[in-house]
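# A structural walkthrough
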Amino acid sequence: MAKPTGFMEYQRENPPDRAPQERIKDWNEFHLPVLDEKLQTQGARCMDCGIPFCHTGALISGMAAGCPVNNLIPEWNDLVYRGHWRLALERLHKTNNFPEFTGRVCPAPCEGSCTAGRMGDPVSIKSIECAIVDKGFEEGWIVPEPPPFRSGKKVAVVGSGPAGLAAAAQLNRAGHLVTVYERANRIGGLLTYGIPNMKLDKKIVQRRVDLLAAEGVTFVTGVEIGKDKPAEELRDDFDAVVLCGGATQPRDLPIEGRKLKGIHFAMEFLQGNTRHLLNGRTPKVGWEERSGYGELISAEGKDVIVIGGGDTGTDCVGTSLRHGCSSLVQLEILSQPPDSRAADNPWPEWPKVYKLDYGQEEYKALYGADPRQYTVTAKRFVG
Ligand SMILES: Cc1cc2nc3c(=O)[nH]c(=O)nc-3n(C[C@H](O)[C@H](O)[C@H](O)COP(=O)(O)OP(=O)(O)OC[C@H]3O[C@@H](n4cnc5c(N)ncnc54)[C@H](O)[C@@H]3O)c2cc1C
Ligand code: SF4
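What follows is about the domain arrangement of the chain. Per the domain assignment, the segments making up the chain are domain 1 (6-138), domain 2 (154-243) and domain 3 (266-373). A separation of 27 Å is found between the C-alpha centroids of domain 2 and domain 3. Facing the 16 residues of domain 2 at the interface are 16 residues of domain 3. Between domain 2 and domain 3, roughly 1500 Å² of surface is buried when both sides are summed, and carbon and sulfur atoms account for 55% of that area.

Turning to the packing of aromatic side chains, a few remarks are in order. The geometry of two aromatic rings is summed up by the distance between their centres and the angle between their planes. What the rule picks out here adds up to five aromatic pairs. Centre to centre, the rings of F53 and W347 are 4.7 Å apart; their planes meet at 65 degrees, and the pair counts as edge-to-face. A residue pair is termed long-range when its members are at least 10 positions apart, and F53 in the loop between α3 (36-44) and β1 (58-60) and W347 in the loop between β8 (327-331) and α17 (358-367) qualify at 294 residues. It is K135 that lies over the ring of W85; its NZ or CZ is 5.3 Å from the centre. Against the face of F137 rests R207, its NZ or CZ located 3.5 Å from the ring centre.

The next subject is the site of ligand 1. Close to ligand 1 lie 26 residues; V105, A163, E182, R183 and L190 are nearest. A distance of 2.6 Å separates a nitrogen atom of ligand 1 from a polar backbone atom of V105. Relative to its unbound accessible area of 1000 Å², ligand 1 is 77% covered by the protein chains. Breaking the shell around ligand 1 down by element, the ones donating at least two residues are α10 (162-173), β4 (177-182), α14 (266-279) and α16 (311-323).

Sheet architecture is open: four strands sit in the order β5-β4-β3-β6, paired in parallel fashion. In this open sheet, the two strands that pair with only one neighbour each are β5 (218-221) and β6 (240-243). Across the sheet, the mean angle from the axis of one strand to that of its neighbour is 20 degrees, orientation sign disregarded. Direction of pairing for strand β3 (residues 154-158) relative to β4: parallel, over a ladder of five bridges. Bridge pairing links V158 to Y181 in β4.

This part covers the site of ligand 2. In the region of ligand 2, the neighbouring residues are C46, M47, D48, C49, P52, C54, I73, P74, N77, C114, T115 and I125. Placement of ligand 2 is best described as lying within the largest cavity. Of all the elements, helix α4 (residues 73-81) adds the most residues to the shell around ligand 2, at three residues. Of the residues belonging to the shell around ligand 2, the class tally is nine nonpolar, two polar and one charged.

In this section: the nonpolar core. In summary, soluble globular proteins display a tendency toward joint burial of nonpolar side chains. Formed by 25 residues in total, the largest nonpolar core has its most connected members in I73, W76, C110, V123, I125, I128 and I132. Counting residues per element, the ones that place at least two in this core are α4, α5 (85-95) and α9 (125-138). With near-sequence residues (within four places) excluded, C110 lies in contact with C54, G66, C67, I73 and I125. Among the nonpolar cores identified, the runner-up in size contains 21 residues, and L165, V180, I187 and L200 belong to it.

Relative to the helices and strands, K302 resides in the loop between α15 (287-291) and β7 (303-307). A relative accessible area of 44% places K302 in the partly exposed class. Leaving out residues up to four positions away in the same chain, K302 has contacts with C325, S326 and S327. A polar contact is formed between the side chain of K302 and the backbone oxygen of S298, at a distance of 2.8 Å.

This part is about the packing of α3 against α4. To describe two helices that pack against each other, one gives the angle between their axes and the distance between the axes. Closest axis-to-axis distance for the α3/α4 pair is 8 Å, and the angle between their directions is 135 degrees. As judged from the angle between their axes, α3 and α4 are oblique. Pair α3 / α4 crosses with left-handed handedness. Together, L39, Q40, G43 and A44 of α3 and N77, V80 and Y81 of α4 make up the contact between the two elements. The residue makeup of the contact of α3 with α4, split by class, is four nonpolar, three polar and no charged.

Criteria and cut-off values
Residues numbered from 1 in each chain as written. Chains lettered and ligands numbered in written order. Predicted model: local features only at pLDDT ≥ 70, side-chain atom pairs only at ≥ 80, totals over all residues. Heavy atoms only, no water. Domains from an automatic or database assignment. Contact = heavy atoms within 4.5 Å. Buried area = accessible area lost by both parts, 1.4 Å probe. Phe/Tyr/Trp six-rings, centres within 6.5 Å; stacked < 30°, edge-to-face > 60°. Helix = DSSP H or I, 4+ residues; strand = E, 2+ residues; numbered from the N terminus. Lys NZ or Arg CZ within 6 Å of the ring centre and 35° of its normal. Near = heavy atom within 4 Å. Polar contact = N/O pair within 3.5 Å; in protein donor to acceptor, adjacent residues only side chain to side chain. Areas by Shrake-Rupley, 256 points an atom, 1.4 Å probe, with all protein chains shown as cover. Pairing = 2+ DSSP bridges. Axes fitted to C-alpha atoms, helices over the stretch in contact; angles between N-to-C directions. 1 Å grid on protein atoms, 1.4 Å probe; cavity = no way out; pocket = protein on both sides within 12 Å on 5 of 7 lines; lining within 4 Å. Sits in = over half its atoms within 2 Å of the grid points. Nonpolar A, V, L, I, M, F, W, Y, C, P; charged D, E, K, R; others polar. Core = buried A, V, L, I, M, F, W, Y, C linked by side-chain atoms within 4.5 Å. Buried < 20%, exposed > 50% of the residue type's maximum accessible area, 1.4 Å probe, protein only. Parallel < 35°, antiparallel > 145°, perpendicular 65-115°, else oblique. Left-handed = near helix turned anticlockwise from the far one by under 90°.

What follows is the structure, encoded as structure tokens:
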């Protein structure tokens, strides 16, 4: 256990963020690093619960309660509290291939089910996770670790999002020769072309891809399996094929006026933006050209309506503000959640409570209010 009385002595401290007025001027990550000593104090708040709900990852009422990859959270909280960062990193990597991604973008169901959150604020698990792995890279502890032997088996992985990358990492570690096929021009799936830079810098993604390549994983971009390369070829050339193609299919809103100009799927907007930031005006070939995704859709000087109050909607808010939109409103079909848990949403369930995510926080800092309007159903587009 970290410090037996830590949860009574110390208050939770959230990681500092860059000021919204400043950060909307660029595409850099908005979280700031936290001092080691502060994180050690935060680690001291962990009670090393007999039943650590933080790492159960059980589905309760259809939602993940606790860490879905079963991170050994109390163990590394304790190690961080004691200053054993390298051991903490080893424990973290036991269950999580890419803590530098989850430490930045995971919604942290671990914190939602942390026992400390029953009576007060949960342990700052996500910040501690991120700091452990960031320190690991800074200190040079994370280096390529090619497998000591090769099995002689070849595996193809289709898709290079987090699922494909994790499958590749595990299979390579087991000694198989892995080739990852990706239809886009860059590796990473939605880590690269979905989640915007301010939440996850693309250098962080590339750093891990480079590490996997140095461990022996082969990456092939610009090849859509089933179009540019027949699936049968994979079955002939490999001992096994793992399909990690993600979802891609957007959810349409088939109401009157949907075909009017200026109505876009979130991914057209977000992906076009990230492509533009990363690639500039690189000509699109293969899947890029076929899909029609990838053009920059600028919100500069536009009146923007974001339909959907979830995380992707938030990314559209943050992106529109950075483009310099002239006005913005975000519509949410559900009613505004309560400030604290409702009776039918008890701990350790995922807490369905009102919060300002980064995009709404930025809007509020500029215009004084949350851009979301609740209980609004879009019935038709007029234009
Ligand atoms: C805008 C947005 C923001 C998000 N933000 C967060 C967040 O903050 N936190 C969080 O936890 N989750 C977030 N998510 C969800 C998260 O990104 C996804 O759950 C995750 O990326 C799914 O991983 P995946 O590997 O299954 O699929 P994907 O990331 O979609 O990767 C699939 C890959 O397969 C490739 N592919 C598909 N078919 C083929 C083929 N035939 N041949 C070759 N390649 C193919 C695709 O091009 C793609 O690169 C967000 C999602 C979106 C859309
Ligand atoms: S539930 Fe919270 S307090 Fe208990 S072990 Fe997990 S992080 Fe520590």
